[in-house]
Amino acid sequence: MAECGASGSGSSGDSLDKSITLPPDEIFRNLENAKRFAIDIGGSLTKLAYYSTVQHKVAKVRSFDYSGKDTEQDHEPPYEISVQEEVTARLHFVKFENTYIEACLDFIKDHLVNTETKVIQATGGGAYKFKDLIEEKLQLKVDKEDVMTCLIKGCNFVLKNIPHEAFVYQKDSDPEFRFQTNHPNIFPYLLVNIGSGVSIVKVETEDRFEWIGGSSIGGGTFWGLGALLTKTKKFDELLQLASRGQHTNVDMLVQDIYGGAHETLGLSGNLIASSFGKSATADQEFSKEDMAKSLLHMISNDIGQLACLYARLHCLDRVYFGGFFIRGHPVTMRTITYSINFFSKGEVQALFLRHEGYLGAIGAFLKGAEQDNPNQYSWGENYAGSSGLMSSSPELCPTQRARSGTFDLLEMDRLERPLVNLPLLLDPSSYVPDTVDLTDDALARKYWLTCFEEALDGVVKRAVASQPGSVDAAERAEKFRQKYWNKLQTLRHQPFAYGTLTVRSLLDTREHCLNEFNFPDPYSKVKQKDNGVALKCFQRVVSALDALDWEERQLALVKGLLAGNVFDWGAKAVSDVLESDPQFGFEEAKKKLQERPWLVDSYGKWLQRLKGPPHKCALIFADNSGVDVILGVFPFVRELLSRGTEVILACNSGPALNDVTYNESLIVAERIAAMDPVIHSALREERLLLVQTGSSSPCLDLSRLDKGLAVLVRERGADLVVIEGMGRAVHTNYHAALCCESLKLAVIKNSWLAERLGGQLFSVIFKYEVPAE
Amino acid sequence: MGAGWLAAPMERHARAAATSASSARESVLGGPDGRRREPLRRRANSASAPAVGASASASPSGEGVRRDRPGSYSGATSASRQRVESLRKKRPLFPWFGLDIGGTLVKLVYFEPKDITAEEEEEEVESLKSIRKYLTSNVAYGSTGIRDVHLELKDLTLCGRKGNLHFIRFPTHDMPAFIQMGRDKNFSSLHTVFCATGGGAYKFEQDFLTIGDLQLCKLDELDCLIKGILYIDSVGFNGRSQCYYFENPADSEKCQKLPFDLKNPYPLLLVNIGSGVSILAVYSKDNYKRVTGTSLGGGTFFGLCCLLTGCTTFEEALEMASRGDSTKVDKLVRDIYGGDYERFGLPGWAVASSFGNMMSKEKREAVSKEDLARATLITITNNIGSIARMCALNENINQVVFVGNFLRINTIAMRLLAYALDYWSKGQLKALFSEHEGYFGAVGALLELLKIP
């Protein structure tokens, strides 16, 4: 959300442009560390981009040094936690109206500490006009970059790095936006940029693109001709006029020429035969609204037709639209979509971009930052720092729209490691991680938003408790509450604000907000304690398992996995139990489990499979710390290893709820290895490998995984994927199709969801799938 | 032309009996499809009416009911004459009209027989004679009807008759007056078949029937268009070539209009610019398809000009355009990039944004109506050129014929089309034009009447 902060500045319009006061913690954040700048000045909006570093507190775990000491220290935690500062890279993009440009430049000058920066990359039609002003204010040399090159670089960047970037616009449907899953290969595509004129560019690779055509009938025609016809000066006002008008009063329709006969002839009478065809008369007045609407149709249809002709000539079916004519305006998206559907008979898809307005700025920035190789990294949209997509109905949330119209933000975090598809996905292009689309499912949306609202108190409490030594923890936690609460309210009104709304995106947004206010790992202490307790039970559990005969043991192992999964602070039903009964144990958890047959139960098939030859290599995505990973996953891993199956154990790179992190898993494994020869030798011989997922989410997106993991999966020829936990196996991936065997198991710790799936609280999902031959 | 028609001297519509009775036979249009056959059936039935004599033609309106009565097929008195008539060529009765009722203009072609024998003249009914005289002795009909004398095709042989082909147009909004005139002059007594095409053939069909007692033979617009073009091209233009092109279209000094021999017409992209635009790919006489169309056509040019300049006629709009400067209105590539946009190979003179300069208040105040008319013309023309070029590329056709009344007296548009097509296709595409611009549909309709393939 773009909190302008400065009271009243959002609604005050142009007059306050010089006196606007900008709150640094809201708009130009992290300026003090900013190093590269780029600016894209369009006809009415300026987009500023800069690269900065963010200091974050991160929770680190470290093994105690046990060497030569007696390890039987019952009261000691298994490892120590320290909070350290870590620097991560972030891209900031700020969009504001050109009227604020001087105020903004002054502000930047005042807050810019870093003096290494000498150059600012500039693009857009206004770059020339404001060149002197920028050079004077910022003392930076303006380097002009080609507009289209920037646009395309920016487009490639968002298509590759932002999930749900592209969407189709569906008139009169709820939601109006239908987001597209990111295609693994974004090329080739057609970019139709509708600025004052229209440019049609075919993009074939990262660096190869070609201007294949254009049209002079574009946004400038709408604006210029519209201003002449209606005496309305502003683009937005013209669009508003158009949205109220009736083009049939001005246009000559097929039915005007054919009379009523068009029906029998199979013609659609509403088709426009001649734009403005009825205005060829001296003795009639036409309303501004009607003329504006007719003009809008004329231009949109024309652009759509040309785009289709070019798409056909170049055999392309994906056409992205951008430029100020589109810029999120529902009226233009609607008419363009209609036109494309009409002229291509549905064969070409009109796609729009959530961050369309930023493409030029992103591209200019990337041009200037080439030496930093930004394209080598993966980036992720920071939901905490980014404004969402606006609702198409201004009346829905007028204040928010007004504010965001003034300042709009996009922040992207540089991820430590590049993310790629899991090589075992059956069809990467059709893979959708999320099980339920909450933008679609209003009932589920309502439930989950309320659920997250209700859980907010607990999260705030937990966050404060995790930093007992901090003086400002309570204050920061309160800010976190406000931020996340606001996000939830935005999403209630505009579920599409950040792409497809899912339980995953709600969880991720919460993590981003927590990080934003320096609560990197509120569960670190809980996890530490749980891990300590569970480690102590490990040997007892393992010996009990070893005492069972083979068949009993297999079931016990699976039950152990499931029971461990009950320990989940992310689930409200469970966190209530854990909160009130800290002694709640493994055995109690097992008792809570549903008896077989489970809600989804393919255990028989799995057992049958286990009687066959061992798997070559299993990839296991672990879920919670403590009992789950130590008493559930590790015994299971141990059994697989004993069968001769290699195991890759994948844990989150960063913290999310009480999920076990990669670093924690290293320590846990080390501690278990010290107790258990099977694990010990497997680690030493690299038959058991611990890897990180590249994610910090309680859910799992198999299309964005750490490259190292993907490489390993390929090298070891993984032929079994085990996904555990509600977040990874139910909210996401429940329907994921893999090209190898897979096991998805979870305990449903949410009664609403359980009911939806036809079960009840603590119902068990055990889904063993073998791909069709 | 309505007023003009009505102002025509009142005629006696006497005795159509003899000729019309036989005409029922001759004018058998028996097309293969039901749609074409329908009016014929009516013709056959109505043949009885004239037998009743002058009373019928004097009646205020042809009651459809009476005429539709079956079994009244030709009276016994005319039986012997019929036998004689049947020896004559099977051609319809005069007058021979072809009608194309478009969104803005009605195009009428009229064949004036010049080989009328004395005997024929003797037999010719008054109303027929008066129509002939009226049409051929005037060049304007009322305030809006116009005969394009310069287009007249002389000494044409049609169905064994020699004569001149006349080209007449009037605004579609005068159609009711035209129909009323048909009623007043009792056209129905002539038993001529009105072959009509264009959307108006459908729209006004009922009016023709109820007001004028005239049954239209409705014909497909595109069929007629193609038929008309191919026929007119084959007969030439009074010894000259029908088809032409422009050499050096961008250079007003060196620009030349030169004849083009359309000896290999296929494949051909046909761009018909009327109120809207239709684009057809023609592969042979009977094999064609509609590729696409655009609503940005002549109606848009004229409509926008009316709104922007207050002009009232197409001629006025064009005249203004000829004196205007569109570069004051349009934003050119050089206005944005200071010159050529080399990255994309765009020349500085190219229009980047039509009406783009009009985003600025100062510039809006600085332009004249003439500039606006010119810019409107350039915008619409360039856009048609651009769509035509893309269609030609997609259909793999390199000769493009532009027709339609938008091009009438519109050299600016034609030269621009010629230049744009040549420039953007790097010489691969050729823009062709045809002298009879907007009349092909009407000619096609006439050919249908005469069953000329």
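Residues numbered from 1 in each chain as written. Chains lettered and ligands numbered in written order. Predicted model: local features only at pLDDT ≥ 70, side-chain atom pairs only at ≥ 80, totals over all residues. Heavy atoms only, no water.

**Overview of the overall build of chain B**
Part 1: Summing up its helical and strand segments, chain B has 20 helices and 17 strands in all.
Part 2: Counting only residues that meet the buried cut, chain B has 59% of its 453 residues in that class.
Part 3: Counting only contacts in chain B whose residues sit at least 6 apart along the sequence, the fraction spanning at least 24 positions is 69%. (Helix = DSSP H or I, 4+ residues; strand = E, 2+ residues; numbered from the N terminus. Buried < 20%, exposed > 50% of the residue type's maximum accessible area, 1.4 Å probe, protein only. Contact = heavy atoms within 4.5 Å.)

**Quick look at the sheet that holds strand E13 (residues 288–294) of chain B**
All names here are of chain B.
Part 1: Here seven strands make up an open sheet; going across it, the order is E10-E9-E17-E16-E11-E12-E13 and the pairing mixed. What marks the edges here is a single partner per strand, and that holds for strand E10 (256–259) and E13. Averaged over neighbouring strand pairs, the angle between their axes works out to 30° when direction is ignored.
Part 2: Looking at chain direction, strand E11 (residues 268–273) and strand E16 (residues 399–403) are connected through four bridges and run parallel. Note on E16: the bridge partner recorded for Leu 269 is Val 400. (Pairing = 2+ DSSP bridges. Axes fitted to C-alpha atoms, helices over the stretch in contact; angles between N-to-C directions.)

**Details of the interface of chain B and chain A**
Part 1: Taken together, the contacts link 50 residues of chain B with 51 residues of chain A.
Part 2: Where chain B abuts chain A, roughly 4,100 Å² becomes buried across the two surfaces, and 66% of that area is made up of carbon and sulfur atoms.
Part 3: Taken as a group, B:Phe344, B:Met359 and B:Asn394 account for 15% of the area that chain B buries against chain A, more than any other trio of residues on that side.
Part 4: Viewed at the interface, chain A and chain B are joined by one salt bridge.
Part 5: One salt bridge in this structure joins B:Glu395 and A:Arg312, with 3.5 Å as the shortest N-O distance.
Part 6: Run the count over chain B and chain A and you get 20 residue pairs in polar contact (both at pLDDT 80 or more). (Buried area = accessible area lost by both parts, 1.4 Å probe. Salt bridge = Lys/Arg side-chain N within 4 Å of Asp/Glu carboxyl O. Polar contact = N/O pair within 3.5 Å; in protein donor to acceptor, adjacent residues only side chain to side chain.)

**A word on the environment of A:Leu506**
Part 1: Mapping A:Leu506 onto the fold places it in helix H14 (residues 503–516).
Part 2: Classification of A:Leu506 as buried rests on a relative accessible area of 1%.

**Examining the nonpolar core**
Part 1: Formed by 101 residues in total, the largest nonpolar core has its most connected members in A:Phe321 and B:Phe402.
Part 2: Considering every element that reaches this core, the biggest residue donor is helix H8 (residues 288–313) of chain A, with 13 residues.
Part 3: Other than its neighbours up to four places away in sequence, B:Phe402 contacts B:Val271, B:Ile273, B:Ile384, B:Ala388, B:Leu407, B:Leu417, B:Leu421, B:Ala431, B:Leu432, B:Phe433 and B:Ser434.
Part 4: Formed by 79 residues, the second largest nonpolar core is a distinct cluster that contains B:Val106, B:Val109, B:Leu225 and B:Ile232. (Core = buried A, V, L, I, M, F, W, Y, C linked by side-chain atoms within 4.5 Å.)

**Focus: the confidence of the model for chain B**
Residue and element names in this part refer to chain B.
Part 1: The predicted model of chain B has a mean per-residue pLDDT of 82, with 80% of residues at 70 or higher.
Part 2: Low pLDDT, under 50, characterises residues 1–77; the stretch is placed with 126 contacts to residues that sit more than four places away or in other chains.
Part 3: Both scores are given for the predicted complex: the pTM is 0.83, the ipTM 0.81. (pLDDT = per-residue confidence, 0-100.)

**Description of unusual backbone geometry**
Part 1: Of note, the bond from A:Arg596 into A:Pro597 is cis; its omega dihedral lies within 30 degrees of zero at -5°.
Part 2: Topologically, A:Pro597 is positioned in the loop between helix H18 (586–592) and strand E18 (600–601).
Part 3: With an omega of -10°, the peptide bond between B:Tyr266 and B:Pro267 qualifies as cis.
Part 4: In this structure, B:Pro267 sits in the loop between E10 and E11.
Part 5: The backbone of B:Phe355 shows a phi angle near 65°, a positive value even though the residue is not glycine.
Part 6: Tracing the chain through its elements places B:Phe355 in the loop between strand E15 (351–353) and helix H17 (361–366).
Part 7: The phi torsion at B:Ile409 lies on the positive side, around 45°, for a residue other than glycine.

**Examining the domain arrangement of chain A**
Part 1: Looking at chain A, the domain boundaries give domain 1 (25–62 + 78–159 + 360–415), domain 2 (166–250 + 286–353), domain 3 (431–517) and domain 4 (523–769).
Part 2: Taking the mean C-alpha position of each, domain 2 of chain A and domain 4 of chain A sit 49 Å from one another. (Domains from an automatic or database assignment.)

**Considering the pattern of salt bridges**
Residues and elements named next belong to chain A.
Part 1: Inspection of every chain in the model, using the stated rule, returns 60 salt bridges over all chains.
Part 2: Residue Arg 354 pairs with Glu 381 through a salt bridge whose shortest N-O separation is 2.8 Å. Highlighted residues: Arg 354 in the loop between strand E14 (349–353) and helix H10 (359–368) and Glu 381 in strand E15 (residues 379–381), separated in sequence by 27 residues. The burial state of Arg 354 is the same as that of Glu 381; both residues are buried.
Part 3: With a closest N to O distance of 3.1 Å, Lys 527 and Glu 664 form a salt bridge. Pair noted here: Lys 527 is in helix H15 (residues 524–547) and Glu 664 is in helix H21 (residues 662–675), with a separation of 137 residues, a long-range link.
Part 4: Members of the salt-bridge network, linked through shared partners, are Arg 90, Glu 411, Asp 413 and Glu 516.

**Brief notes about a negative patch on the surface**
Residue and element names in this part refer to chain B.
Part 1: Judged by side-chain charge, Glu 119, Glu 121, Glu 122 and Glu 123 come together as a negatively charged surface patch.
Part 2: Here Glu 121 lies in helix H8 (residues 118–123).
Part 3: Using a relative accessible area of 33% as the deciding quantity, one classes Glu 121 as partly exposed. (Patch = residues over 30% accessible without salt bridge, like charges linked within 9 Å, V, L, I, M, F, W, Y side chains within 5 Å. Areas by Shrake-Rupley, 256 points an atom, 1.4 Å probe, with all protein chains shown as cover. Lys, Arg positive; Asp, Glu negative; His and termini not counted. Charge placed at Lys NZ, Arg CZ, Asp CG, Glu CD.)

**Describing the pairing of strand E10 (residues 209–215) of chain A**
The side chains of a regular strand alternate, residue by residue, between the two faces of the sheet.
Residues and elements named next belong to chain A.
Part 1: Of all seven residues in E10, six are buried, a share of seventy percent or more.
Part 2: Direction of pairing for strand E9 (residues 198–203) relative to E10: antiparallel, over a ladder of six bridges. Note that in E10 the partner of Val 201 across the bridge is Trp 211.
Part 3: In this structure, the hairpin formed by E9 and E10 is closed by a connection of five residues.

**Considerations on the side chain of B:Asn410**
All names here are of chain B.
Part 1: Counting through the fold element by element, Asn 410 comes out in the loop between E16 and helix H19 (411–424).
Part 2: Of the residues examined, Asn 410 reaches a relative accessible area of 1% and is grouped as buried.
Part 3: Leaving out residues up to four positions away in the same chain, Asn 410 has contacts with Phe 314, Leu 318 and Leu 377.

**Focus: the packing of aromatic side chains**
Residues and elements named next belong to chain B.
Part 1: Throughout the structure, instances matching the rule amount to 58 aromatic pairs over all chains.
Part 2: Between Phe 97 and Phe 187, the ring centres sit 6.4 Å apart and the planes meet at 10°, which makes this aromatic pair stacked. Placement of Phe 97 in strand E1 (residues 96–101) and of Phe 187 in the loop between helix H10 (175–184) and strand E7 (194–197) is noted, with a sequence separation of 90 residues between them.
Part 3: Here the aromatic rings of Phe 246 and Phe 433 are separated by 5.6 Å at their centres, their planes lie at 65°, and the arrangement is edge-to-face. Here Phe 433 lies in strand E17 (residues 430–434) and Phe 246 lies in strand E9 (residues 243–247), a separation of 187 residues in the sequence. (Phe/Tyr/Trp six-rings, centres within 6.5 Å; stacked < 30°, edge-to-face > 60°.)

**Notes on the pairing of E16(B)**
Residues and elements named next belong to chain B.
Part 1: Burial within E16 is extensive, with five of its five residues counted as buried.
Part 2: The two faces of E16 match: Gln 399, Val 401 and Val 403 on one face and Val 400 and Phe 402 on the other face are all buried.
Part 3: Following the chain from E16 across H19 to the adjacent parallel E17, one finds a crossover that is right-handed. (Right-handed = clockwise from strand over helix to strand, strands pointing away.)

**Quick word on the packing of H8(A) against helix H18 (residues 369–395) of chain B**
Part 1: Relative to each other, H8(A) and H18(B) sit at 25°, their axes nearing to 10 Å. Of the possible angle classes, the one that applies to H8(A) and H18(B) is roughly parallel. Pair H8(A) / H18(B) crosses with left-handed handedness. Here A:Asp302, A:Gln305, A:Leu306, A:Leu309, A:Tyr310, A:Arg312 and A:Leu313 of H8(A) lie close against H18(B), whose contacting residues are B:Asn383, B:Ser386, B:Ile387, B:Arg389, B:Met390, B:Cys391, B:Leu393, B:Asn394 and B:Glu395.
Part 2: Class assignment for the residues of the contact of H8(A) with H18(B) results in eight nonpolar, four polar and four charged. (Parallel < 35°, antiparallel > 145°, perpendicular 65-115°, else oblique. Left-handed = near helix turned anticlockwise from the far one by under 90°. Nonpolar A, V, L, I, M, F, W, Y, C, P; charged D, E, K, R; others polar.)

**Thoughts on the sheet that holds strand E20 (residues 646–651) of chain A**
Residues and elements named next belong to chain A.
Part 1: One open sheet holds the seven strands; their spatial order is E18-E25-E24-E23-E19-E20-E21, and the pairing between them is mixed. At either margin of the open sheet sits one strand with a lone partner, and together these are E18 and strand E21 (688–692).
Part 2: Sheet topology places E20 next to E21; five bridges connect them, and they run parallel. Bridge assignment links Ala 650 to a residue of E21, and that residue is Val 691.
Part 3: Most of the contacts of helix H19 (residues 603–610) go to strand E25 (residues 763–769), to which it runs at about 45°, and overall it touches E18, strand E23 (720–724), strand E24 (741–748) and E25.

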